Structure formats: structure tokens, C-alpha cells
Amino acid sequence: MSKKIVILNGSPRIKGNTSALTAEFARGAESAGHTVTEFFLGSMNINGCKGCFGGGKNPESPCVQKDDMEKIYPVYKEADIVVLASPLYYWTISGQLKCAFDRLFAVAECDPDYRNPKKESIFIMVAEGYGFEESLYWYDRLEKHLGWKSIGKVLCGGVMGIGDITGKKELNDAFELGKSII
């Protein structure tokens, strides 16, 4: 069965190492018959959450703020799988990804009990070093809190400059993860 996949790419580099991994993941997923939509959050106009609890009144436009999240909401709501992709910044995800993910709370506000839609998810991350522990801690707790099911992770260390990922096995890992989705 074909699945709808949304990639929230929190890298500010559209042609960077994170994007190389998401491109391979998407290539694998599309080869298996799935639909993939990727958002490059760093080039979008997305404001931070105001914590106003004013969302959820209109399921078609759940947040009171009107910015580029309006492009993401319908794709996110229809997605079976959410891919969180980011470079490692100060031991966790980028601000671009955190900002957009916080704004997804407006979708939960559409439910009277503030339940998030159930999804499967994937975590993709690149880093200069190899210490992913804090990011994995965040991701694992997020999954538990949301009631989502993680179906894979691709973590690639030792990459900082654009193109450093060339030849790394994690590119194939990302492709295979996408291709393996059933």
C-alpha cells in the first residue's frame, strides 16, 4: 500500500549533507511506490509558536498565525510518515525544525483532548562529530509523548562541510530505509 511521507528538513543548507540523506531516503521510498513531499524549513517564513492556545478552531487553517506553515499543515495531516531531518546543532535539532514542529501543536488543538494525529516517524541527522545521545533522547521521548511509532533512524557523523557525506554508507542506509517502507 502506498504511503504519504512528509519530510521536515531543518537544515539551512538546501544542498547540504542533511539534504543528501533526505534525497536518498526519498529516492528509496519513491522506488517502493510511496509519495514524498519535502519542506526545506530554512527557506520558509515560519514564525515561532506564540503559546496562545488559539489554534484548532479551523482544521483547514489550524493556527492563528498565517505564514508558510499553511503549506505544511495539509501535507502533515495527510501523511502516514513524518521524517524529522536536521543537522546536529548544540546537541539537538536545528531551530528551524524545532520552530516548525512546535507549530504543529495547532493541529493537536483541533482535537478536544489535544491528541496529536498518530503517525509513523523517521529521524535523520548529520553531525560534525558522533555524539547523538541528546538528540536521540529528545526524539525517543517525543515519539513516546505523541504516541508515534519510530520506524527508523539514520545518523551520520563526521560531516560538516557541504559534500562531506559523499561516499558515506549512511547514504545507502537512507535509501534502503525508504525502500523498506511497507
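See above for the structure.
Rules and cut-offs
- Residues numbered from 1 in each chain as written.
- Predicted model: local features only at pLDDT ≥ 70, side-chain atom pairs only at ≥ 80, totals over all residues.
- Heavy atoms only, no water.
- Buried < 20%, exposed > 50% of the residue type's maximum accessible area, 1.4 Å probe, protein only.
- Helix = DSSP H or I, 4+ residues; strand = E, 2+ residues; numbered from the N terminus.
- Arc of directions from axis to C-beta.
- Contact = heavy atoms within 4.5 Å.
- Pairing = 2+ DSSP bridges.
- Axes fitted to C-alpha atoms, helices over the stretch in contact; angles between N-to-C directions.
- Polar contact = N/O pair within 3.5 Å; in protein donor to acceptor, adjacent residues only side chain to side chain.
- Right-handed = clockwise from strand over helix to strand, strands pointing away.
- Expected span 1.5 Å × (residues − 1).
- Left-handed = near helix turned anticlockwise from the far one by under 90°.
- Nonpolar A, V, L, I, M, F, W, Y, C, P; charged D, E, K, R; others polar.
- Core = buried A, V, L, I, M, F, W, Y, C linked by side-chain atoms within 4.5 Å.
- Salt bridge = Lys/Arg side-chain N within 4 Å of Asp/Glu carboxyl O.

1. A few points about helix α2 (residues 69–78)
No. 1: What α2 keeps buried is the set M69, I72, Y73 and Y76. For α2, the arc enclosing every buried residue in end-on projection is 110°, short of the 170-degree limit, so these residues lie on one face.
No. 2: The inward-facing, buried residues of α2 abut β1 (4–9), β2 (35–40), β3 (81–87), α3 (95–103) and α4 (105–108).

2. Structural notes on the sheet that holds β2
No. 1: On the basis of which strands lie adjacent, the open sheet formed by five strands has the order β2-β1-β3-β4-β5 and parallel pairing. Because the sheet does not close on itself, it has two edges, and the strands there are β2 and β5 (149–156). Averaged over neighbouring strand pairs, the angle between their axes works out to 15° when direction is ignored.

3. A short note on the side chain of D111
No. 1: Residue placement: D111 occurs in the loop between α4 and β4 (120–126).
No. 2: From its side chain, D111 meets the backbone nitrogen of D113 in a polar contact 2.7 Å long.

4. Things to note about the pairing of β5
No. 1: As defined by bridge partners, β4 adjoins β5 across seven bridges and the pair is classed as parallel. Looking at β5, one finds that V126 is bridged to C156.
No. 2: Following the chain from β4 across helix α5 (residues 133–146) to the adjacent parallel β5, one finds a crossover that is right-handed.

5. A closer look at helix α1 (residues 17–31)
No. 1: With 15 residues, α1 should reach 21 Å at 1.5 Å per residue; the first-to-last C-alpha distance of 21 Å fits that figure.
No. 2: Taken residue by residue, α1 has N17, T18, S19, L21, T22, F25, A26, G28 and A29 as its buried positions.
No. 3: Where α1 is buried, its residues meet β1, β2, β3, β4, β5 and α6 (169–180).

6. Observations concerning the environment of I5
No. 1: Its location among the elements puts I5 in strand β1.
No. 2: Each C-alpha atom, one on I5 and one on V83, is 7.3 Å from the other, the two residues being 78 residues apart in sequence.
No. 3: Apart from residues no more than four positions distant in its own chain, I5 is found in contact with F25, A29, H34, T35, V36, T37, I81, V83 and I181.

7. Things to note about the packing of α1 against α6
No. 1: Put simply, α1 and α6 touch, their axes get as near as 6 Å, and they point 35° apart. For the crossing formed where α1 meets α6, the hand is right-handed. Only E170, L171, A174, F175, L177, G178 and K179 of α6 make contact with α1, whose side of the interface consists of A20, L21, E24, F25, R27, G28, A29 and S31.
No. 2: Taken together, the residues that form the contact of α1 with α6 break down as eight nonpolar, three polar and four charged.

8. A word on the nonpolar core
No. 1: Ranked by size, the top nonpolar core spans 30 residues in total, and within it L8, L41, I46, I72, L84 and L104 carry the most contacts.
No. 2: For this core, the secondary-structure elements that each account for two or more residues are β1, α2, β3, α3, α4, β4 and α5.
No. 3: Apart from residues no more than four positions distant in its own chain, L104 is found in contact with L8, M69, I72, Y73 and Y76.

9. A closer look at the pattern of salt bridges
No. 1: Per the counting criterion, the structure on display carries 11 salt bridges.
No. 2: Residues K3 and E120 are paired through a salt bridge, measuring 2.9 Å at the closest nitrogen-oxygen approach. Here K3, found in the segment before β1, pairs with E120, found in strand β4; they are 117 residues apart in sequence, far enough to count as distant. There is no split in this pair, since K3 and E120 are both buried.
No. 3: Across the salt bridge formed by R103 and D67, the nearest N and O atoms sit 2.7 Å from each other. A residue pair is termed long-range when its members are at least 10 positions apart, and R103 in helix α3 and D67 in the loop between β2 and α2 qualify at 36 residues. The burial state of R103 is the same as that of D67; both residues are buried.
No. 4: Each member of the salt-bridge network shares a partner with another, and the members are D111, D113 and R115.

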